[in-house]
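# Survey of secondary and tertiary structure
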Amino acid sequence: MLRSIRLIYQWPLILCLVLLLNACASNSTSSDTSSQFPGFAQPTTQSPDEYLRLAKRSKGDAAFNWQLLAAKAYIGLDQLQPAQAILESLEEQANSNQTVAGHKLVQAELLFAQNLANQSLQLLSFDPMWQLSNDYWLSYYQQRATIYQLLNNPVAEVQERVELDKRLTDASDQLANNQQIWSQLKPLNAYTLRSFQGTSDSVFNGWLEVAAIVNEPKRNPQQLFDNLAQWENDYPNHPALQFVQVDIGSAMNAQRYAPQRVAVLLPLSGRFKASANAVRDGMLAAQYDERTDAALRNSQLSFIDTEANQGPALRQAIEGATPDFIIGPLRKDQVLWLQQQQLQTPWMALNQAEHSAQNGQFYFGLSPEDEAQQAAQEIFDQSLSMPLIIAPQSTIGQRMTNAFIERWKRLSDEPYESIYYSNNKELQGAIRNLLLVDESQARVRQAQQLLGFNIGTETRSRGDTQAIYIIGNNNETKLIKPSIEVAVSPFAQLPQLFASSRSYQRGSVDDEVELQGLWISEMPWMLDHSSAFYQQYNQLWPEYNESHRRLFALGFDALLVLPNLDQMRGYTDFKIDGLSGALSVSQTGAVERELTWARYQDGELRPMDYVSPIVENDVDIDSQDLEADEAIEALNPEDEVSGIEIVPVDDSSTDGEIQSLGFEVETVE
């Protein structure tokens, strides 16, 4: 408050000083060149007083420009009144293209700081024939690009950044600018990108075209590489070359797998039999599907039981099959065994494990860590601030939380917070702590003690968060979500709630109310129940549950992606649409899945493109305790099957079956 009062009394004095400076400056057009004018494009480095002092020592346009920098410095300090005063005093003196441009640049910054982005953009409309120094144009295009980014107009932002690139002289600035161009174009589909082509600017058209090629649906990798090679020929020396992420020639020359014999390593007996059968059935379905490469449709698949054959016996069984390619194993401990065998045959394990980039070695699993990382990406892409993470105090909770935080730190400098709970008794307290409800209650009690009477105010929850990521299975999520809704102040906006596929159990009668409005990451094919393929699947395997469907998709996609693994590793922007997601391969050989975001609405998951507005209902906390005291216990590494939770059941045909996807094996009593 004292600072505000001091500022109110100071800024008229500043205005008087500026008017005095203007009177002095009007007597001469010469200037004091002892201090080099830094220009308008860079952030100010001195205090407003220092710039006003320099203005007092200068004359003419130099004094005018130093005063503009003083106004710019005030804007940087969020002291907008003195900035406005300086700009108003200088308005009549702006009588040349250069002074008019400088005044408009700083005035536009002030309008932007006042949250008047559209007015700022209208002001930044310079005559391209103006003879201005490079610094003026740098500031001009920087500001216009920033405004279009705020207005969520990526193509317009890119146009401004293309012009900015022509004027940047520092290599690191050019790289940062081009990275921003690429990041803005990557999410747009090919049709949208090409609809903006046609301008006379070949650099701008080149950016749109290469992004369109990369984002087109891919089936034939050779066609992709041919299109990229043609683009490189059409746009030689284009700045986007470095963002294609690969030497196109080396990717085109990468080996394409067309095995005649494939050995598939699965635990076809024992407790993982049902899991292995689902993966096997997915592969067999892929072999008869037209989406699979023709060469693989004619390949011989030899299924080897990794439970009946272990160690030397397993190696002997593999060698006896004389495979050209190996798929599997499924269990993590057996993946570690495979890594140590130094086989010459290329292979793709159906689980994740620590690894370095090795030729002919690939990893494809259903890790919920991937889902946590994609949640961080989605929250960032939606420009939601201060994400909160709530997770069980378990191996799966900690590792998913760490995966989320790791990705978030790579994306943003914005803060985040996380909290764990050990059992259902701690859950509500953890949520209240995370939302700062208890702190609010403590302040209310302190105020009432000081005043000596009840002040009649409600407890408030924190208001700085726009997203909460819930880590938990279906039962846990059905307790966490309503607890959050109750803890959030009734007059506050409920943060958007995100969760992984573990939170959803199709057919649960309780989910319709308790999960309403929750955003969930899911495999695309789990959401497309009307397709002919899905209907045929239900007819052939009616006994499979939701987790078996996911493992079926893993098996199907393993065969689908196999021929292109090396090319996809060479060109990481190449994606194939699989059942489990949009598939790509990292440079370390990990097959990565891009999932679909869907919102739980009226009893079903609806993909983001088909979601209608939701009226949030108040939901009371169900006081029922979580079964078996949140029984989530990590089993030994040899029980880890592609990120699956193993749930013992009474089934004479198998020792166990899959109930739901998890980060690693968990036992629910």
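Residues numbered from 1 in each chain as written. Predicted model: local features only at pLDDT ≥ 70, side-chain atom pairs only at ≥ 80, totals over all residues. Heavy atoms only, no water.

### Things to note about the overall build of the chain
Short version of the rule: Secondary structure elements are taken from DSSP: a helix is a run of H or I of four residues or more, a strand is a run of E of two residues or more, and numbering for both begins at the N terminus. Contacts are assigned to residue pairs with any non-hydrogen atoms lying within 4.5 Å of each other. Every accessible area reported is derived by Shrake-Rupley at a probe size of 1.4 Å, with residue values counting cover from the shown protein chains alone.
Tallying secondary structure elements over the chain gives 26 helices and 19 strands in all. The contacts of the chain with a sequence gap of at least 6 include a subset with a gap of at least 24, amounting to 66%. Per element, the accessible surface of the chain, about 31100 Å² overall, is 45% carbon and sulfur.

### Some points on the confidence of the model for the chain
Quick note on the threshold: Note: pLDDT gives the predictor's confidence per residue, expressed from 0 to 100.
Confidence in the prediction of the chain, expressed as mean pLDDT, is 80, and 78% of residues score 70 or more. For residues 1-9, every residue scores under 50 in pLDDT, and the model assigns this stretch five contacts once sequence neighbours within four places are set aside. Residue range residues 23-34 is modelled with pLDDT below 50. Its contacts to residues more than four positions away, or to other chains, number 14 contacts.

### Observations regarding the sheet that holds strand β7 (residues 417-421)
Condition: Strand pairing is assigned whenever DSSP detects at least two bridges linking the two strands. Each axis is a line fitted through C-alpha atoms, taken for helices only over the stretch in contact, and angles between the N-to-C directions span 0 to 180 degrees.
If you trace the seven strands from one edge of the open sheet to the other, you get β7-β6-β8-β9-β10-β14-β15, paired in mixed fashion. Looking along the sheet, the strands with just one partner apiece sit at the ends: β7 and β15 (604-607). Between one strand axis and the next, the sheet turns through 30° on average, direction left out of account. One ladder, built from four bridges, connects strand β14 (residues 596-601) with β15; its direction is antiparallel. Across the sheet, Tyr-600 pairs through a bridge with Leu-605, a residue of β15.

### A word on helix α4 (residues 80-90)
We apply this condition: Summary of the burial criterion: residues with accessible area below 20% of their type's maximum are buried, those above 50% are exposed, and those between are partly exposed, where the area comes from a 1.4 Å probe applied to protein chains only.
Burial analysis of α4 places eight of its eleven residues in the buried class, the great majority of the element. Residues of α4 that are buried include every one of Leu-80, Pro-82, Ala-83, Ala-85, Ile-86, Leu-87, Ser-89 and Leu-90, and no others.

### Quick notes on the sheet that holds strand β11 (residues 576-577)
Here three strands make up an open sheet; going across it, the order is β11-β12-β13 and the pairing antiparallel. In this open sheet, the two strands that pair with only one neighbour each are β11 and β13 (591-594). Looking at chain direction, β11 and strand β12 (residues 582-585) are connected through two bridges and run antiparallel. Directly across from Asp-577, in β12, lies its bridge partner Ala-582.

### Thoughts on the nonpolar core
Going by this rule: Only buried residues count toward a nonpolar core. Its members are Ala, Val, Leu, Ile, Met, Phe, Trp, Tyr and Cys residues joined through side-chain atoms within 4.5 Å.
The biggest cluster of nonpolar side chains holds 74 residues, and the ones touching the most others in it are Leu-185, Ile-327, Met-348, Leu-350, Trp-525 and Leu-565. When residues of this core are assigned to their parent elements, the largest contribution, nine residues, is made by helix α25 (residues 546-561). Counting 42 residues, the second-largest nonpolar core is a separate cluster that includes Tyr-51, Ile-75, Tyr-141 and Ala-156.

### A few points about the packing of helix α11 (residues 202-215) against helix α12 (residues 221-234)
Between two packed helices, the angle of one axis relative to the other and the distance separating the axes together describe the packing. Let me state the cut-off plainly: Oblique is the label for any angle not covered by the other classes, which are roughly parallel (under 35 degrees), roughly antiparallel (over 145) and roughly perpendicular (65 to 115). Put simply, Ala, Val, Leu, Ile, Met, Phe, Trp, Tyr, Cys and Pro go in the nonpolar bin, Asp, Glu, Lys and Arg in the charged bin, and everything else, Gly too, in the polar bin.
At their nearest, the axes of α11 and α12 sit 10 Å apart, and the two run at 170° to each other. Compared by their axis directions, α11 and α12 come out roughly antiparallel. Of the residues in α12, those touching α11 at Gly-206, Glu-209, Val-210 and Ile-213 are Leu-224, Asn-227, Leu-228 and Trp-231. A class-by-class count of the residues in the contact of α11 with α12 yields five nonpolar, two polar and one charged.

### What to know about the packing of helix α8 (residues 154-165) against α11
Convention followed: Working rule for handedness: look at the near helix, and if it is turned counterclockwise from the far one by less than a right angle, call the crossing left-handed; if clockwise, right-handed.
Between α8 and α11, the shortest axis-to-axis distance is 10 Å and the interhelical angle comes to 135°. As summarised for this structure, α8 and α11 are arranged oblique, according to the angle between their axes. In terms of crossing hand, the pair formed by α8 and α11 is right-handed. Facing α8, whose interface residues are Val-155, Val-158, Gln-159 and Val-162, α11 presents Val-203, Phe-204 and Trp-207. Its residues assigned to classes, the contact of α8 with α11 shows six nonpolar, one polar and no charged.

### Things to note about the environment of Met-386
As for its placement among the helices and strands, Met-386 is situated in the loop between α18 (368-381) and β6 (388-392). Expressed as a C-alpha distance, the spacing of Met-386 and Thr-465, which sit 79 residues apart in the sequence, is 4.7 Å.

### Some thoughts on the pattern of salt bridges
Side-chain pairs of opposite charge can arise whenever the charged atoms involved come near each other. To keep it simple, the criterion reads: Think of a salt bridge as a Lys or Arg side-chain nitrogen and an Asp or Glu carboxyl oxygen that are within 4 Å of each other.
The tally for this structure, following the rule as stated, stands at 19 salt bridges. Between Asp-289 and Arg-291 there is a salt bridge, with its nearest N and O atoms 2.9 Å apart. With a shortest N-O distance of 3.0 Å, Glu-319 and Arg-315 are connected by a salt bridge. One end of the pair is Glu-319 and the other is Arg-315, both in helix α16 (residues 312-321) and four residues apart, which spans about a single turn. Under the relative-accessibility criterion, Glu-319 is labelled partly exposed at 48%. Here Arg-315 falls in the partly exposed class, since its relative accessible area comes to 27%. The structure contains a network of salt bridges with shared partners spanning Glu-163, Lys-166, Arg-167 and Asp-201.

### Remarks on the side chain of Asn-277
Filter applied, for reference: Each polar contact in these results corresponds to two N or O atoms within 3.5 Å; when the atoms are within protein, one needs to be able to donate a hydrogen and the other to accept it, and residues that are neighboring in sequence are counted only if both atoms are side-chain atoms.
With respect to the helices and strands, the residue Asn-277 is situated in helix α14 (residues 273-287). By relative accessible area, which is 15% here, Asn-277 ends up buried. Polar side-chain contacts of Asn-277 include one of 3.3 Å to the side chain of Arg-280.

### With respect to the packing of aromatic side chains
The condition is simple: Think of it this way: a Phe, Tyr or Trp ring, Trp meaning its six-membered ring, pairs with another when their centres are within 6.5 Å, and the plane angle makes it stacked under 30 degrees, edge-to-face over 60, tilted otherwise. Note on criteria: charge over ring means Lys NZ or Arg CZ within 6 Å of the ring centre, with the direction from the centre no more than 35 degrees off the ring normal.
Within the structure shown, the criterion is met by 32 aromatic pairs. Ring centres 6.0 Å apart and planes at 25° place the aromatic pair Trp-137 and Tyr-141 in the stacked group. A residue pair is termed a helical-turn pair when its members lie 3 or 4 positions apart in one helix, as Trp-137 and Tyr-141 do in helix α7 (residues 134-150) at four residues. Each member of the pair Trp-137 and Tyr-141 is classed as buried. Chaining the aromatic ring pairs together yields one cluster made of Trp-525, Phe-533, Tyr-534, Tyr-537, Trp-541, Tyr-544, Phe-552 and Phe-556. When the ring centre of Phe-533 is taken as origin, the NZ or CZ atom of Arg-291, which lies over that ring, is 4.9 Å away.

### Let's talk about unusual backbone geometry
A cis amide bond, omega 5°, links Gly-328 with the succeeding residue Pro-329. Along the polypeptide, Pro-329 turns up in the loop between β3 (325-327) and α17 (332-339). Of note, the phi angle at Asp-78 is positive, near 60°, even though the residue is not glycine. Tracing the backbone shows Asp-78 in the loop between α3 (60-76) and α4.

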